[in-house]
Amino acid sequence: MRLEGEKTFDAPRDTVWRVLNSPEAMAKTMPGVESFDIQDEQHWTANVKIPLGLGGLKMKIRMEKTDEREPEFATLNARGEGVGAIMNMSTAFELSENGPGSTSMKWTADVSIAGPVGSMGQRVLQPIVNQQVGNVLASLEQQVEAAK
Amino acid sequence: MTETLSPAQPLVVEEGEEQRGFAGTNVPRKEDKRLVQGQGVYFDDVKRHGMGYAHFVRSPYAHANITSIDVSKAEALEGVYGTLIGEEVAALTDPFFQLATPPGAHIKDYALAVGKVRHVGEPVAIVVAATRELARDAADLVEVDYEPLGAVTDARRALDPETPVLHEEAGSNLSWEGVYEWGDVEGAFAEADHVVKISELHFDRFNSTPLECDGAVVEYNRGTGQWTIHTNNQFPGFAAIMMGPAMRTGLDKLRFVTQDIGGGFGNKITSHPQLVACCLLARKLHRPINWTEWRTEFHLTMSHGNERWFLDTEVAVKADGTLLGFRTKALDDAGAFLRYEPLGGVIWAQVTPGCYRWRNVRLDFTQVVTNKAPCSPNRGYSRMQHLWFTERMIDIVAHELGLDPVEVRKKNYVKAEEMPYTTPNGCVYDSGDYARMLDVALELIGYEGLAERRADAESRGKLFGFGIGSTLDSGTNNFGQSRLINPELQFSGNNEVATVKLDIFGEIVVTLGTTPQGQSHETTAAIVVADILGVTPDDVNVRAGHDTYWNSHAGFSGTYASQFAVTGLGAVKGAAEKLAGEIKKLGSVILGCPESELELADGFVRMKANAEAALPLMACGAIINANNAGLPEDLDVTLNARYVYRPPFELPDVERKYGNLTLTYAAQVHAALVEVDPETGVYEIVQYAAIDDCGKRIHPQIVEGQVMGATAHALGAATHETFTYDAEGNLLTPNFYDYHVPHAMDMPPLKTGYIESPSPFTALGTKGMGEGGGAGIHAVCAALQDALAPRGRPVVYDSCNPYHRVWELLQDPEASRRRVEVISK
């Protein structure tokens with residue numbers, strides 16, 4: 001399933017870039033993070049518990065930054081494995097300056113979920129994913145505020 | 001609510017002949033007592049000391065390379081006995097024999113995925129543990145790394161150059177293709193007044209819902225090198241010839257045992273890969289292995305029915321509604337592996353013209369593999385798709401040309417006086433009277449009063465529709481038809497075995513090669529034996545199930561493809577008559593009279609002229625088995641009669657694709673009335689009639705049960721049952737929540753009726769009849785098309801019409817109408 005959107009931050013582009021590229025800050029935006037490891041600048045691992053209604057789905061997610069053009073563009077691949085589900089996600093974001101102190105972020109995410117959870121299909125997963133994306137963007141805003 | 005209509009003259013009896021014996025009467029089923037008391041023995045009831053429980057680790061991906069499998073964590077868990085992975089399978093076995101010619105012949109199919117997975121749920125490893133639950137938990141500890149690949153889930157895209165290829169060895173996703181053409185197709189279209197073109201029709205993917213899922217308990221005897229496989233596989237003859245060569249062993253090392261089986265419907269024909277995996281594990285781990293499939297696994301991976309597209313169809317019609325012929329391109333989606341395929345590529349040809357007299361047919365058949373569960377036979381296998389298509393052509397032609405679907409059928413049905421009727425491709429319809437069946441259906445459905453019902457429905461704001469489905473259940477395969485798929489195959493004809501013996505205390509014991517799954521073989525075999533030996537069915541003990549050790553089986557033994565009433569009962573009749581002959585031979589020695597003066601009746605062999613001169617069967621059994629001193633040396637009597645029934649078949653002509661492919665043709669005519677809510681597309685089947693003709697009925701109630709079950713099955717397929725995949729190959733309907741099978745409350749008011757047209761080609765006048773549900777799928781489609789006609793005349797183009805699809809037809813009738821075009825001269 002493909003998701004995309006645009007979000008505006010009341011912060012300079014450099015600040016937003018810094019937050020988006022800080023594993024520690026990003027960890028605070030992800031849903032249900034239980035632990036977080038940084039292997040190197042390009043590779044992070046997170047153990048998360050994604051709320052799925054029927055109970056949390058525990059997943060080990062490996063993230064790899066695959067492309068970046070500071071301070072405006074980056075792509076990230078994430079691959080999560082848990083009992084009953086395997087998630088693959090590739091995301092990209094593009095930052096542009098709206099003017100002094102304002103940055104807009106265009107983002108896309110391609111998410112595929114395999115396994116029995118995937119069989120529930122988009123009609124079930126889409127609202128859950130939308131809700132999680134909303135949460136992530138809200139916490140991202142908080143992280144950006146904190147970094148100003 | 002059900003009710004049965006009996007014809008005025010239920011049985012055709014020659015004048016002066018009286019109906020005697022048990023055939024045709026509803027004696028109590030021999031199986032029922034143990035089944036209703038919970039005393040049946042299914043494979044899962046077989047327990048063995050130290051038995052391990054197997055659980056399959058399955059692929060979450062539709063298409064992926066396997067980069068590594070690590071079973072160490074699972075094996076380290078206490079209570080886990082061991083594991084099996086694809087690499088071991090590839091070392092210990094050969095790929096299963098493929099029935100296809102190249103490119104399908106190049107496909108490598110093993111018991112577990114080797115190097116690559118090709119559908120969601122494909123088994124990649126097995127964990128065996130002390131309990132079922134532990135095995136399931138431990139399976140989660142097996143670490144498999146995948147490298148996902150693109151998937152193909154739409155057969156229409158399978159051969160596109162950019163589409164990923166499932167089996168690199170095959171070079172493309174094509175598994176088999178062939179062109180069938182009979183009669184003068186060009187001539188028919190030249191002669192036609194109208195040509196009706198239908199660009200695309202689609203028969204959906206679904207399967208059956210046996211109460212018992214697949215499974216086995218497998219033991220390995222190290223001393224003899226032999227496996228005993230307690231299983232519910234329904235075609236041990238086929239499983240054996242698939243398993244033996246793959247396991248590099250003779251068939252003498254494979255003993256199949258069944259007793260009770262909770263339904264099969266063809267879906268349990270292709271469990272041989274799982275059985276091989278269990279055999280390997282039993283040998284590797286030195287312990288018996290239980291594999292019991294979970295319901296989700298059944299939905300996800302076992303035996304879906306073939307999905308089929310009919311593309312660029314053209315129908316040649318005369319102005320008066322006479323059908324001259326048709327041409328089409330059938331595109332069949334076999335799923336990821338060819339487990340019984342590509343036999344579906346020829347099985348449909350058993351019923352090439354459906355119930356109709358058209359003589360000019362061309363069908364280009366293409367079968368492809370896709371990243372979905374492998375297909376296997378499913379009640380009505382491959383004919384159901386074709387018959388639905390045939391019926392759809394009839395109704396679309398009628399609607400587009402403004403003809404009455406009833407009249408078009410009656411005009412074009414093969415007529416009773418034309419029986420036996422040779423079809424354009426050389427099949428011989430043995431007997432039947434389709435027009436009369438339609439009349440019975442119309443009477444039961446209340447055809448005369450349809451106008452009032454329609455007006456009443458419309459007064460309540462509902463759209464009202466009436467539809468017919470008329471189909472054939474071709475039974476008793478000539479396996480020679482496999483040569484139309486692959487001329488190299490060395491299969492032809494058919495056979496089944498029965499042994500009937502008379503034991504020391506007069507016990508009559510029948511053993512069969514069949515694997516009944518609810519078809520009441522014990523009851524019907526006992527009826528046939530009782531009538532021949534002059535005893536009652538209670539006196540006859542028919543051994544339950546199948547055991548290779550009984551030596552009562554042959555190459556095609558099993559229960560599948562609508563044939564027991566012909567092959568099974570034919571064998572039973574042959575063996576019982578052989579035994580009756582031996583009893584008379586012995587009687588003539590003991591009673592001192594010619595055999596011709598003897599009869600079997602009331603449990604005796606006795607003189608026809610003098611019932612006092614009689615020898616009880618018990619005495620016959622005792623004399624031959626335990627008291628035989630002084631008998632004439634040349635008396636060739638064992639009272640243990642084995643008979644192999646072999647139907648009268650010839651090899652088909654491979655070049656012309658011509659010949660008799662099945663021995664019998666049972667017929668079904670179903671009629672449905674629907675009421676549709678025009679706002680929502682929700683509809684209800686408000687009345688239903690199912691008429692069946694399966695020739696002589698040995699046990700009418702059992703036939704009735706099959707008719708009702710098949711009807712429920714059809715209505716499920718017509719309304720809700722569909723395996724839907726997303727573009728990535730996830731099955732979106734892998735459970736009963738999303739895959740809705742009809743409940744009792746979903747069944748419409750059902751009336752059943754019958755006629756009997758005895759088959760002239762079978763020993764008892766019977767016909768196979770277990771697969772006659774296809775008529776219902778079409779009856780619903782036709783009723784919907786009739787109901788929706790006032791709303792822009794949409795064309796029903798799919799075999800499965802859930803409410804949302806009906807709503808779509810209501811919202812945008814033009815979209816469906818673009819599929820149809822009429823060219824008139």
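Conventions adopted
Note on numbering: residues in each chain are counted from 1, in written sequence order. Chain labels run from A onward and ligand labels from 1 onward, assigned in the order the entries are written. Local features are withheld for residues below a pLDDT of 70 in this predicted model, meaning they are given only at 70 or higher, and side-chain atom pairs are given and counted only at 80 or more; totals for whole chains, interfaces and linings count all residues. Only runs of H or I of at least four residues qualify as helices and only runs of E of at least two qualify as strands under DSSP, and these elements are numbered from the N terminus. To get the radius of gyration, use the C-alpha atoms; to get the globule rule, take the number of residues to the power 0.38 and multiply by 2.2 Å. Around each residue's C-beta, the other C-beta atoms within 10 Å are counted; 20 or more make the residue buried, 12 or fewer make it exposed, and counts in between make it partly exposed. All C-beta atoms are placed from the backbone. Working definition of a contact: two residues with C-beta atoms, positioned from the backbone, lying within 7 Å. Nonpolar core, as used here: buried Ala, Val, Leu, Ile, Met, Phe, Trp, Tyr and Cys residues forming one set through C-beta atoms within 7 Å. Given the number of residues in a helix, its expected span is that number minus one, multiplied by 1.5 Å. Whether two strands pair depends on DSSP finding at least two bridges between them. For helices, the fitted line uses only the C-alpha atoms of the stretch in contact; every axis is such a line through C-alpha atoms, and the angle between N-to-C directions lies from 0 to 180 degrees. Convention used here: angles under 35 degrees read as roughly parallel, angles over 145 as roughly antiparallel, angles from 65 to 115 as roughly perpendicular, and any remaining angle as oblique. The handedness criterion is simple: a crossing whose near helix is rotated anticlockwise from the far helix by less than a right angle is left-handed, and one whose near helix is rotated clockwise is right-handed. Gly is placed with the polar residues, together with every amino acid not listed as nonpolar (Ala, Val, Leu, Ile, Met, Phe, Trp, Tyr, Cys and Pro) or charged (Asp, Glu, Lys and Arg). On a range of 0 to 100, pLDDT expresses the predictor's confidence in each residue. Start and end points for every domain follow an automatic or database-based domain assignment.

**Points about the overall build of chain B**
Of the regular secondary structure elements, chain B holds 21 helices and 31 strands. Radius of gyration (C-alpha) of chain B: 28 Å, near the 28 Å computed for a compact globule of 825 residues. The buried share of chain B, reckoned over its 825 residues, is 57%. The contacts of chain B with a sequence gap of at least 6 include a subset with a gap of at least 24, amounting to 80%.

**Notes on the nonpolar core**
Grouped together as the largest cluster of nonpolar side chains are 262 residues, with contacts concentrated most on V127, C278, V528, V529, V780 and L784 of chain B. Contacts of V127 of chain B, omitting those with residues within four sequence positions, involve H55, V57, A74, V80, T83, A135, A138, A139 and V142 of chain B. Of all hydrophobic cores here, the second largest spans 9 residues; its members include V16, W17, L140 and V144 of chain A.

**With respect to helix 6 (residues 236-247) of chain B**
Residues and elements named next belong to chain B. The end-to-end C-alpha distance of helix 6 is 15 Å, a good match for the 16 Å that 12 residues give at a rise of 1.5 Å each. For helix 6, the buried fraction is high: 9 of the 12 residues fall into the buried class. If you follow the buried residues of helix 6, they end up packed against strand 12 (254-258), helix 7 (272-285) and strand 23 (546-547). Downstream of helix 6 by one or two residues, R248 has phi in the positive range, about 60°.

**Points about the sheet that holds strand 27 (residues 640-645) of chain B**
Residues and elements named next belong to chain B. The strand order across the open sheet formed by 4 strands is 22-21-20-27, and the pairing between neighbours is mixed. On the outer flanks of this sheet lie strand 22 (540-542) and strand 27, each paired with one strand and no other. Within the sheet, the average angular offset between the axes of one strand and its neighbour, ignoring direction, is 20°. Direction of pairing for strand 20 (residues 496-502) relative to strand 27: antiparallel, over a ladder of 6 bridges. Bridging across to strand 27, A498 finds its partner in Y643. Across the sheet, helix 16 (residues 564-591) lies against strand 20, strand 21 (508-512) and strand 27, angled at about 145° from strand 27, the strand it touches most.

**Examining the packing of helix 10 (residues 383-401) of chain B against helix 19 (residues 774-788) of chain B**
All names here are of chain B. Taken N-terminus to C-terminus, the directions of helix 10 and helix 19 make an angle of 25°; their axes are 9 Å apart at the nearest point. In terms of their interaxial angle, helix 10 and helix 19 are classed as roughly parallel. Judged by the sense of rotation from one axis to the other, the crossing of helix 10 with helix 19 is right-handed. Facing M384, L387, W388, E391, R392, D395 and H399 of helix 10, the residues of helix 19 in contact are G774, I777, H778, C781, A782 and Q785. Of the residues contributing to the contact of helix 10 with helix 19, the split by class is 6 nonpolar, 4 polar and 3 charged.

**Notes on the interface of chain A and chain B**
On the side of chain B, 10 residues touch chain A, which itself brings 9 residues to the contact. At the level of secondary structure, the elements contributing two or more residues to the side of chain A that touches chain B comprise strand 6 (85-99), strand 7 (102-114) and helix 3 (116-119) of chain A. Taken together, the residues that form the side of chain A that touches chain B break down as 3 nonpolar, 6 polar and no charged.

**What to know about the sheet that holds strand 4 (residues 56-69) of chain A**
All names here are of chain A. Pairing is antiparallel in the open sheet, where 7 strands are placed in the order 1-7-6-5-4-3-2. At either margin of the open sheet sits one strand with a lone partner, and together these are strand 1 (2-9) and strand 2 (33-38). Averaged over neighbouring strand pairs, the angle between their axes works out to 20° when direction is ignored. Relative to strand 5 (residues 73-82), strand 4 runs antiparallel, the two sharing 9 bridges. The residue bridging M63 from the neighbouring strand is A78, located in strand 5. Packed onto the sheet, helix 1 (residues 13-20) meets strand 1, strand 5, strand 6 and strand 7 and runs at close to 165° relative to strand 6.

**What about the pairing of strand 4 (residues 80-85) of chain B?**
Residues and elements named next belong to chain B. Taken across its 6 residues, strand 4 has 5 buried, putting it largely inside the fold. Here strand 4 runs beside strand 6 (residues 123-129); their pairing, made up of 5 bridges, is antiparallel. Across the sheet, V80 pairs through a bridge with A129, a residue of strand 6.

**Brief notes about the environment of S22 of chain A**
Mapping S22 of chain A onto the fold places it in the loop between helix 1 and helix 2 (23-29). C-alpha of S22 of chain A to C-alpha of E41 of chain A: the two residues are 19 residues apart in sequence and 9.0 Å apart in space.

**So, the packing of helix 15 (residues 521-533) of chain B against helix 16 of chain B**
Each pair of packed helices can be summarised by the angle the axes make with each other and by the distance between the axes. Residue and element names in this part refer to chain B. With their axes 9 Å apart at the nearest point, helix 15 and helix 16 run at an angle of 35° to one another. Considering the relative orientation of helix 15 and helix 16, their crossing is right-handed. In this structure, helix 15 contributes H521, T524, A525, V528, V529, I532 and L533 to the contact, and helix 16 contributes F564, G568, L569, V572, K573, A576, E577, L579 and A580. Looking at the contact of helix 15 with helix 16 residue by residue, the class counts come to 11 nonpolar, 3 polar and 2 charged.

**What about helix 7 of chain B?**
All names here are of chain B. In a regular helix each residue adds 1.5 Å, so 14 residues correspond to 20 Å; helix 7 covers 20 Å between its end C-alpha atoms and thus fits that length. Taken across its 14 residues, helix 7 has 11 buried, putting it largely inside the fold. Buried residues of helix 7: H272, P273, Q274, L275, V276, A277, C278, C279, L280, L281 and A282, and no others. Downstream of helix 7 by one or two residues, H286 has phi in the positive range, about 60°.

**A look at the confidence of the model for chain B**
All names here are of chain B. With 98% of its residues at a pLDDT of 70 or more, chain B has an overall mean of 95. Low confidence marks residues 1-18, where pLDDT is under 50. Its contacts with residues over four positions away, or in another chain, come to 20 contacts. At the level of chain-chain contacts, confidence expressed as ipTM amounts to 0.71, with global pTM at 0.92.

**Looking at the domain arrangement of chain B**
The accessible area lost on association of the parts is a frequent measure of interface size. Residues and elements named next belong to chain B. Per the domain assignment, the segments making up chain B are domain 1 (43-149 + 214-292), domain 2 (178-207 + 303-480 + 652-815) and domain 3 (495-645). Its C-alpha centre places domain 2 at a distance of 41 Å from the equivalent point of domain 3. Contacts between domain 2 and domain 3 engage 20 residues on the former and 18 residues on the latter. Within the residue set of the side of domain 2 that touches domain 3, elements represented by two or more residues are strand 19 (463-477) and strand 28 (662-676). Element by element, the count of residues in the side of domain 2 that touches domain 3 is highest for strand 19, at 4 residues. Grouping the constituent residues of the side of domain 2 that touches domain 3 by class yields 8 nonpolar, 9 polar and 3 charged.

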